[in-house]
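A structural walkthrough
What follows is each chain in one-letter form.
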Amino acid sequence: MAKAKANQKVHPLEELIRTERLPHIWCSGCGVGTVFSACLAAIQETGIDHKKFSMVSGIGCSGRGAGYVKLDSFHTTHGRSIPFATGIKMANPSLNVIVFSGDGDLFAIGGNHFIHAARRNMDITVICINNFIYGMTGGQVAATTPHMDRSATTPYGNPEMPFNLPLMAYASGATYVARWTMIHSRDLTDSFVEAINHRGFSFIEVLSPCPINYGRRNKIKSLDMLKLFADNTIIKNNADPAELDIDFKKGVVLGKFVDIDKPTPDENYEKVCMMR
Amino acid sequence: MEPKVLTGEHFINGDIACAEGAIAAGCTFFGAYPITPATEVAERMSERLPDVCGIFIQMEDEIAAMTSILGAAWTGVKTMTATSGPGFSLMMETVGLAVVTETPCVVVNVQRGGPSTGLPTMGAQADMMQAKWGSHGDYEIIAIAPSSPQEMFDLTIEAFNLSEKYRVPVFIMSDEVVGHMSEKVLIPEAKEIKTVARIKPKGRKDQFKPYQPGENGVPPMPAIGDGYNVHVTGLTHDEQGYPVMSVDTQKDMMNRLLSKIRDNLDDIIRTEEYLLDDADIVIVSYGVSARTAFTAVDMARQMGIRVGLLRLITVWPFPEEMIRDLSKRVKGFVTVEINMGQISREVQRCAGANAPSYLVGHAGGTVITPDEVIHLIKEAF
């Protein structure tokens with residue numbers, strides 16, 4: 001028995017996964033799992049004691065991330081992962097708090113919380129999986145759906161314009177801002193490591209495919225979407241956040257755009273209020 | 001820096017007494033959003049929490065305020081927020097999350113006239129049913145109604161104790177009048193204040209089930225970083241805390257969430273009786289209106305009418321059995337409350353056909369006078 005066990009191949013991230021909960025709910029062709037793996041790999045790479053991590057998710061496909069990670073993990077209400085994480089971080093600043101959620105959760109229903117956490121430079125890491133759609137509910141238009149794209153609630157094309165998320169993060173005060181796609185898994189992991197080690201509010205947008213609910217309606221096959229991620233993207237660190245609109249025809253800019261050091265609210269609270 | 005417990009005699013308003021009660025109870029995290037007439041609770045907490053190494057944070061809205069106190073509670077600390085009607089409405093979805101994840105927290109509602117923006121600076125007691133039913137789904141919570149600044153202090157401590165013991169959100173259903181009224185408040189010595197500490201799990205961490213009930217049907221609660229790797233979700237979950245979308249899991253989870261309150265009514269329910277033993281007519285009241293009711297009882301007694309008072313200190317869970325028992329021997333009930341009939345309906349439901357139930361209510365904006373109560377008693381009985 002012992003020998004068999006020794007020879008058994010163990011997934012390198014196994015100690016961070018609630019394996020008893022597998023299989024996961026993510027569809028084949030979905031990118032969330034890849035981003036999730038990159039996040040876990042980054043947690044391992046930091047070398048920080050796992051007990052010092054907590055993951056908070058909202059609602060949606062990406063929001064299920066917290067349910068599979070073997071950390072103290074919280075699956076909260078729709079849009080509220082950031083204020084929940086804020087409560088954790090302020091009450092125990094020694095913890096590394098990662099928000100793992102989707103574009104609908106973080107930027108439509110939860111948009112107000114995002115800009116305020118960024119303004120405060122709250123020392124949390126926010127990972128937003130942007131799949132351009134509400135996946136869990138069956139493919140309705142999101143605040144990130146490109147103009148004229150089709151969804152279950154924009155059958156004639158999206159009449160609205162989407163957010164430029166890194167610009168919003170930067171304008172709101174985020175001190176670390178990056179964008180990658182899920183196929184850039186090495187860069188993504190490196191970026192997550194940086195973000196976790198970063199003092200202050202860090203934000204990483206990860207473009208990710210939803211073949212079932214976005215690709216299908218917009219006639220983009222699973223592999224073609226990944227090809228867009230590979231071929232129609234440009235890595236340009238320190239690019240101007242105002243020029244980060246997503247248009248695959250022109251080329252989508254990836255990279256790290258902001259990395260500045262500023263004090264955080266937990267540090268400032270201690271200085272201003274407690275040590276007065 | 002002030003000490004944790006401001007032992008002594010104070011002349012302070014209800015909102016400030018509430019904040020002092022919270023600090024004395026061991027609250028070290030307050031998620032705020034300003035709203036009249038509850039703002040003074042937040043202001044006092046912002047001033048006082050640093051004294052006890054506590055955290056005050058003013059969030060971007062009431063949803064965030066309520067959510068932040070749940071996150072903070074899971075780090076092992078006692079948490080509170082305070083609001084009024086419009087903010088209470090915004091908090092309701094998160095109240096459901098607190099109930100289903102069994103996260104202890106105290107939520108103060110200094111009630112004002114509603115609906116909507118209503119009467120921001122004027123009192124009412126019209127959120128009483130919202131406190132019980134405001135979030136979706138079935139659930140049990142605990143709601144306490146202080147009648148004075150002294151009780152704002154004493155009962156805020158009680159609220160924390162009940163919240164920790166039963167892992168349930170506890171509402172302090174105050175009102176603008178009690179919140180803004182200044183009276184003498186006696187703060188005892190720290191050693192005389194009884195506080196309840198959260199029960200933490202023991203035993204093997206890898207075999208721990210976060211929602212396996214312990215004593216009184218309440219599971220022990222670890223903090224983030226204790227090494228239990230808990231998963232906490234608003235989805236229907238099993239004892240492991242994992243989501244299970246099944247009829248049986250829903251039934252088991254709901255049964256336990258309801259029964260941890262319903263099986264412990266004797267421990268939770270607090271009432272005060274005044275001249276009730278020989279009463280023919282029972283006034284039921286709570287909060288500021290109970291002050292009216294005390295005077296009304298005295299006035300009625302002087303007229304030779306045998307009126308007594310049942311004051312609800314906890315309004316939820318409702319003292320059904322007490323009302324039912326009383327209904328078998330009294331002529332009827334009169335509920336005095338600043339709304340158009342909320343708790344009076346509960347009284348009516350419990351009294352059934354045994355005794356009639358009347359309301360002395362008001363749309364809000366002022367207190368009810370004892371004369372109005374006497375007038376109804378004379379007309380109805």
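Keep in mind the model is a prediction, meaning the values are calculated, not measured. Starting afresh in each chain, residues are numbered from 1 along the sequence in its written order. Here every chain gets a letter starting at A, and every ligand a number starting at 1, in the order they are written. Where totals are concerned, whole chains, interfaces and linings use all residues; where local detail is concerned, this predicted model gives features only for residues with pLDDT of at least 70, and gives and counts side-chain atom pairs only at 80 or more. Only heavy atoms go into the side-chain values, all of them from the structure, while hydrogens and water stay out.

Let us look at the interface of chain A and chain B. Note on contacts: a residue pair qualifies if any of its non-hydrogen atoms lie within 4.5 Å across the two residues. Each partner contributes residues to the interface: chain A has 37 residues there, and chain B has 42 residues. In this description, buried area is defined as the sum, over both parts, of the accessible area (probe of 1.4 Å) that is lost when the two are combined. Both faces considered, chain A and chain B share a buried interface measuring about 3300 Å² in area, 61% of it formed by carbon and sulfur atoms. Put simply, a salt bridge is a Lys or Arg side-chain nitrogen that is within 4 Å of an Asp or Glu carboxyl oxygen. Our count for the contact surface shared by chain A and chain B stands at two salt bridges. Here Arg 120 of chain A ties to Glu 60 of chain B by a salt bridge, and the two come within 2.8 Å at their closest N and O atoms. Any N or O atom pair separated by 3.5 Å or less is treated as a polar contact, with the protein-specific requirement of one donor-capable and one acceptor-capable atom, and with residues adjacent in sequence counted only for side-chain atom pairs. Summed over the shared surface of chain A and chain B, the result is 20 residue pairs in polar contact (both at pLDDT 80 or more). The helix and strand labels rest on DSSP assignments: H or I over at least four residues marks a helix, E over at least two residues marks a strand, and numbering proceeds from the N terminus. Sorting the residues of the side of chain A that touches chain B by element identifies β1 (53–57), β2 (72–75), α3 (81–91), α5 (111–120) and α10 (265–274) of chain A as the ones contributing at least two each. Broken down by element, the side of chain A that touches chain B gets its largest block of residues, seven residues, from α3 of chain A. Between any two strands, at least two bridges found by DSSP are needed for them to pair. Looking at chain direction, β2 of chain A and strand β10 (residues 231–233) of chain B are connected through three bridges and run parallel. For His 75 of chain A, the partnering residue across the bridge sits in β10 of chain B and is Thr 233 of chain B.

Residues and elements named next belong to chain A. Note on aromatic contacts: the rings of Phe and Tyr and the six-membered ring of Trp form a pair at centre separations within 6.5 Å, being stacked when their planes are under 30 degrees apart, edge-to-face when over 60 apart, and tilted otherwise. Applying the stated criterion across every chain, the model contains 17 aromatic pairs over all chains. Seen from their ring centres, Phe 107 and Phe 114 are 4.5 Å apart, and the 55° between their planes marks the pair as tilted. Type-normalised accessible area, obtained with a 1.4 Å probe on protein chains alone, sets the label of each residue: buried when under 20%, exposed when over 50%, and partly exposed for intermediate values. Of the residues examined, Phe 107 reaches a relative accessible area of 3% and is grouped as buried. By relative accessible area, Phe 114 is classed as buried at 0%.

A word on the sheet that holds strand β8 (residues 252–259) of chain A. Strands sit in the order β7(A)-β8(A)-β5(A)-β6(A)-β4(A)-β3(A)-β1(A)-β2(A)-β10(B) across an open sheet of nine strands; the sheet is mixed. In this open sheet, the two edge strands, each paired with only one partner strand, are β7 (233–235) of chain A together with β10 of chain B. Within the sheet, the average angular offset between the axes of one strand and its neighbour, ignoring direction, is 20°. Two elements, strand β3 (residues 96–102) of chain A and strand β4 (residues 125–130) of chain A, share five bridges in a ladder whose sense is parallel. Counted as the bridge partner of Gly 102 of chain A is Ile 129 of chain A from β4 of chain A. Where α3 of chain A meets the sheet, it contacts β1, β2, β3 and β4 of chain A, and its direction lies at approximately 175° from that of β3 of chain A. Of the strands in this sheet, β1, β3, β4, β5 (176–181), β6 (202–207) and β8 of chain A are in contact with helix α7 (residues 185–197) of chain A, which crosses β5 of chain A at around 160°. Axis angles are defined between N-to-C directions and span 0 to 180 degrees, where every axis is a line fitted to C-alpha atoms and, for a helix, only to the segment in contact.

By themselves these figures say nothing about function.
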